[in-house]
There are 2 protein chains.
Amino acid sequence: MTKLTNMTGEASVFLRACQRQSVEHTPVWFMRQAGRSLPEYRAIRAKHDFMTISRQPELCAEVTLQPVRRLGVDAAILFADIMTPLLAVGVDLELVEHVGPVIRQPVRSPDDLRQLRSLTPEEDAPFITDAIRLIKAELGERTPLIGFAGAPFTLAAYLIEGKGSRSFTTTKALMYQQPQVWHALMNRLSDITITYLSAQAQAGADALQLFDSWVGCLSPADYATYVHPYAERILGALRATGKPLIHFGTNTATLLDQMRDEGGTVIGVDWRIPLDAAWNVIGAEHAIQGNLDPGVLLGPWEIVEQQAKAVLRQAAGRNGHIFNLGHGIYPETPLDNLLRLVDLVHEYSAELAELAGAQ
Amino acid sequence: MTKLTNMTGEASVFLRACQRQSVEHTPVWFMRQAGRSLPEYRAIRAKHDFMTISRQPELCAEVTLQPVRRLGVDAAILFADIMTPLLAVGVDLELVEHVGPVIRQPVRSPDDLRQLRSLTPEEDAPFITDAIRLIKAELGERTPLIGFAGAPFTLAAYLIEGKGSRSFTTTKALMYQQPQVWHALMNRLSDITITYLSAQAQAGADALQLFDSWVGCLSPADYATYVHPYAERILGALRATGKPLIHFGTNTATLLDQMRDEGGTVIGVDWRIPLDAAWNVIGAEHAIQGNLDPGVLLGPWEIVEQQAKAVLRQAAGRNGHIFNLGHGIYPETPLDNLLRLVDLVHEYSAELAELAGAQ
């Protein structure tokens, strides 16, 4: 099977699936596909640290393109950290190996919001838009590029906790005790996110993913009060880009009815909810992305095959499925499982489509 | 309002709610109610470490009784760590402050299972049954005592990872790569858990809670293969005790249909799913326990009141609700919120019951 689909000028399978058009096979890409599971990425990381790679457009373009070449995935995703726009507006933070982002002055009071001025992407983070132009020049129309930003809840949680957390107690305490600080913070983060993703679209990104890693720690009622209005505002504003919008969060099984109404073109789901159950909640007006547990890729091929086929069968007969994992690839994932999985998704989904057509 | 209900010989509100009988007010207790949120617990911890408290029956009884006296909750829960039965059979582990249990030789191969011989509670952990007898002598029939054990998935995850984890990749890799080791491990842990909880019932515990902290990291399909048979076996065996069985896990919104069928009398749920939605899944044949986010208790009283009332309204009109948090109390929780919450649950649920009766 050829690794590069669509040499004909027709829109790629990925973009057609986003619009719930019929496709010859299900498109597949992986969150964190550019990363340590690829030897060519590890070779670059041996010479450059993460921040250098993400801030030098040539290096950023190179690692973004690696999984397209190696794995034959149907979309590239911009290599960037979710903290990039916050760094760009001057938030003092460090990416600590094995820890993640650490914020020097966590947000705990109205004064701490001063760290968050507005973002002018071409001035504050020119390396992002430069990288996108380099990547697009390389990819042409064959393979689309997905732009990417962390969603405001996850950014707010990092800013308030000062680093990652298991229970997000500091975040919740601030949310309940100082709602005016919370809402001001979410408003600023929403503005930054809109500007950041709009600039990515302007520079050539073909789709945009809003990624909420931590939002699954909230009850549906708190999500409605403290997050939903901002997701709605961001996705509403991004409609002006004309690009498909992928809205993904982890652990969102009970939040999907709210996410459905926020404006995403594609809703991404993790493995905690069966794909068909999730699609029933988000409804026929939305495409869906997901949802193999990335942990499954640590198992033998037979388990990967069985579980990936189960996901594809749950999506069969409906347009608009984009195969992905329910979260990022783990660094220790065997490369061979990734290679075989891309082929399996293409081949098995084509078989299922043929079977459906023959009936 | 008096702190001690039921001086009359009638079964306590807690036990009647477990059996879905009508009650004059909703019973309430809190996971980790014996702990750092109480000044009298901190006073004892200043003099003794955790393991000393849990292994000396007098100290264990004292900290178990503290929240009954102070908060007026409707049940006591045995103060114990989920690692107690593993320590008792000789697993070499340490409880490290701010880290949790650390296993010296994590389970990675069939040989590592030798650490898990069978448990003879009265010999291997006599302090547990001794503590239960002391507590029961103090409580009499006024306030029931809940016995408690960690569920085998959570124990297995600790044993395999060697400590807590965010993604449980080592656990999942073993599950998929060495299913025979996984199933042997789960079988041994199930035997230990049955023996351990049966001994607690025998010694006088009035109800038993099986607690699965980490099971929410699994897809419903993996839960069905790797966990469900063991939960079913344990709860099935414990029916012989004649005690109500509370089956609780965190992050189980999409696992509740399977948990419903495993034999628990009461299903505990966390805040990620609205209580009424959860009850609709588990059905009228089960009582339900939950489900205020413990993070809410870090907020001002007005937020606690609003959210606790919302939980109670979702349960109104049905017998069999036991009010609890969706996970353990955070150590930094203001005591005043706990005190007021117990009264609120008693008073507001009585009001709702009266309203329903008047209609």
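Structure: above.
What you see is a predicted model, and the numbers here were worked out from it, not measured in a lab.

1. Considerations on the overall build of chain A
Okay, step 1: In terms of helices and strands, chain A carries 16 helices and 9 strands.
Okay, step 2: Dimensions of chain A, computed from the C-alpha atoms along their principal axes, are close to 65 × 45 × 40 Å.
Okay, step 3: When the 359 residues of chain A are sorted by exposure, 55% land in the buried category.

2. Some details on the interface of chain B and chain A
Okay, step 1: Of the residues lining the interface, 26 residues belong to chain B; the matching set on chain A comes to 27 residues.
Okay, step 2: Those elements that place two or more of their residues in the side of chain B that touches chain A are helix H9 (169-177), helix H11 (220-226) and helix H15 (301-315) of chain B.
Okay, step 3: Considering each element in turn, the side of chain B that touches chain A owes the most residues, 5 residues, to H9 of chain B.
Okay, step 4: The residue inventory of the side of chain B that touches chain A, partitioned by class, reads 14 nonpolar, 8 polar and 4 charged.

3. Remarks on the nonpolar core
Okay, step 1: The biggest cluster of nonpolar side chains holds 244 residues, and the ones touching the most others in it are Leu78 of chain A together with Leu78 of chain B.
Okay, step 2: Sequence-distant contacts of leucine 78 of chain B, that is, excluding residues within four places in its chain, are made with Thr64, Ala131, Ile132, Leu145, Ile146, Gly147, Phe148, Gln200 and Ala205 of chain B.

4. Focus on the packing of helix H8 (residues 152-161) of chain B against helix H10 (residues 179-203) of chain B
Residues and elements named next belong to chain B.
Okay, step 1: With their axes 9 Å apart at the nearest point, H8 and H10 run at an angle of 125 degrees to one another. Here H8 lies oblique to H10, going by the angle between them. Of the two elements, H8 crosses H10, and the hand of that crossing is right-handed. Facing Pro152, Leu155 and Ala156 of H8, the residues of H10 in contact are Leu185, Met186, Leu189, Ser190 and Thr193.

5. Looking at the relation of the copies chain B and chain A
Okay, step 1: Placing chain B over chain A gives an RMSD of 0.0 Å and needs a rotation angle of 180 degrees, together with 0.0 Å of translation along the axis. Read as a symmetry element, the transformation amounts to a two-fold axis.

6. Here we look at the sheet that holds strand S5 (residues 207-212) of chain A
All names here are of chain A.
Okay, step 1: Judged by pairing direction, the sheet is parallel, and its 7 strands sit side by side in the order S1-S4-S5-S6-S7-S8-S9 without closing on themselves. Either end of the sheet is taken by a strand with one partner, and the two such strands are strand S1 (76-77) and strand S9 (321-325).
Okay, step 2: Pairing of strand S8 (residues 287-292) with S9 involves 5 bridges; the strand directions are parallel. What sits directly across from glutamine 289, in S9, is isoleucine 322.
Okay, step 3: Helix H7 (residues 126-139) rests against S1 and strand S4 (145-150) of the sheet, and its axis sits at about 155 degrees to S4.
Okay, step 4: The strands touched by helix H10 (residues 179-203) within the sheet are S4 and S5, with S4 carrying the most contacts at an inclination of about 170 degrees.

7. Considering helix H7 (residues 126-139) of chain B
All names here are of chain B.
Okay, step 1: Taking 1.5 Å of rise per residue, 14 residues should cover 20 Å, and H7 covers 20 Å from first to last C-alpha, within 8% of that figure.
Okay, step 2: Turning to H7, its buried residues number three or more, namely Ile128, Ala131, Ile132, Ile135 and Leu139. Projected onto a plane normal to the axis of H7, the buried residues spread over an arc of 105 degrees and lie on a single side.

8. Thoughts on unusual backbone geometry
Only a minority of non-glycine residues have a phi that is not negative, and only a minority of peptide bonds are not trans.
Okay, step 1: Between glycine 290 of chain A and the following residue, asparagine 291 of chain A, the backbone shows a cis peptide bond with an omega angle of -10 degrees.
Okay, step 2: Here asparagine 291 of chain A shows up in strand S8.
Okay, step 3: Unusually for a residue other than glycine, arginine 32 of chain B sits at a positive phi of about 60 degrees.
Okay, step 4: The class for arginine 32 of chain B is partly exposed, based on 18 C-beta atoms found within 10 Å.

9. Some points on the pairing of strand S6 (residues 245-249) of chain B
All names here are of chain B.
Okay, step 1: For S6, the buried fraction is high: 5 of the 5 residues fall into the buried class.
Okay, step 2: Bridge count for strand S5 (residues 207-212) against S6 is 5 bridges, and the pairing is parallel. Each bridged residue has a counterpart across the sheet, and for leucine 208 the counterpart in S6 is leucine 245.
Okay, step 3: Alignment of S6 against strand S7 (residues 266-268), held across 3 bridges, turns out to be parallel.

10. So, the sheet that holds S5 of chain B
Residues and elements named next belong to chain B.
Okay, step 1: The 7 strands lie next to each other as S1-S4-S5-S6-S7-S8-S9, forming an open sheet whose pairing is parallel. With one partner strand each, in any of the chains shown, strand S1 (76-77) and strand S9 (321-325) form the two edges of the open sheet.
Okay, step 2: Across the sheet, H10 lies against strand S4 (145-150) and S5, angled at about 170 degrees from S4, the strand it touches most.

11. Notes on the environment of valine 89 of chain A
Okay, step 1: With respect to the element layout, valine 89 of chain A can be found in the loop between helix H5 (84-88) and strand S2 (93-96).
Okay, step 2: With sequence-adjacent residues up to four places away left out, valine 89 of chain A is seen in contact with Leu116, Arg117, Leu119, Asp124 and Ile192 of chain A.

12. Notes on the packing of helix H2 (residues 39-47) of chain B against helix H4 (residues 57-71) of chain B
Residue and element names in this part refer to chain B.
Okay, step 1: For the pair H2 and H4, the least separation of the axes is 9 Å and the interaxial angle reads 160 degrees. One way to sum up the angle between H2 and H4 is to call them roughly antiparallel. When the axes of H2 and H4 are compared, the crossing they make is right-handed. Contacts from Glu40, Tyr41 and Ile44 in H2 reach Leu59, Glu62, Val63, Gln66 and Arg70 in H4.
Okay, step 2: Taken together, the residues of the contact of H2 with H4 sort by class into 4 nonpolar, 1 polar and 3 charged.

13. Some thoughts on H9 of chain B
Okay, step 1: All of the buried residues in H9 of chain B are Thr171, Lys172, Ala173, Leu174, Met175 and Tyr176 of chain B.
Okay, step 2: At its buried positions, H9 of chain B is contacted by helix H15 (301-315) of chain A together with H8, H10 and H11 of chain B.

14. Considerations on the environment of isoleucine 44 of chain B
Residues and elements named next belong to chain B.
Okay, step 1: Within the secondary structure layout, isoleucine 44 lies in helix H2.
Okay, step 2: In the structure, isoleucine 44 is positioned 18 residues away from threonine 26 in sequence and 31 Å away in space, judged by C-alpha atoms.
Okay, step 3: Ignoring anything within four residues of it in the chain, the contact list for isoleucine 44 reads Ile53, Leu59, Glu62 and Val63.

15. Some words on the pairing of S2 of chain A
All names here are of chain A.
Okay, step 1: Note: S2 against strand S3 (residues 100-103), 4 bridges, orientation antiparallel. Residue pairing in the sheet places glutamate 94 in a bridge with valine 102 of S3.
Okay, step 2: The loop that links S2 with its antiparallel partner S3 comprises 3 residues; one of these, histidine 98, has a positive phi angle of about 65 degrees.

16. Let's talk about the environment of phenylalanine 153 of chain B
Residue and element names in this part refer to chain B.
Okay, step 1: Structurally, phenylalanine 153 can be placed in helix H8.
Okay, step 2: Since 26 C-beta atoms lie within 10 Å of it, phenylalanine 153 is described here as buried.
Okay, step 3: Note: C-alpha distance between phenylalanine 153 and alanine 315 (162 residues apart in sequence) is 29 Å.
Okay, step 4: Ignoring sequence-local partners within four residues, the contact set of phenylalanine 153 consists of Asp212, Trp214, Val215 and Val227.

Thresholds, definitions, all that
Residues numbered from 1 in each chain as written. Chains lettered and ligands numbered in written order. Predicted model: local features only at pLDDT ≥ 70, side-chain atom pairs only at ≥ 80, totals over all residues. Helix = DSSP H or I, 4+ residues; strand = E, 2+ residues; numbered from the N terminus. Buried ≥ 20, exposed ≤ 12 C-beta atoms within 10 Å, placed from the backbone. Contact = placed C-beta atoms within 7 Å. Nonpolar A, V, L, I, M, F, W, Y, C, P; charged D, E, K, R; others polar. Core = buried A, V, L, I, M, F, W, Y, C linked by C-beta atoms within 7 Å. Axes fitted to C-alpha atoms, helices over the stretch in contact; angles between N-to-C directions. Parallel < 35°, antiparallel > 145°, perpendicular 65-115°, else oblique. Left-handed = near helix turned anticlockwise from the far one by under 90°. Least-squares fit on C-alpha atoms with pLDDT ≥ 70 in both. Pairing = 2+ DSSP bridges. Expected span 1.5 Å × (residues − 1). Arc of directions from axis to C-beta.

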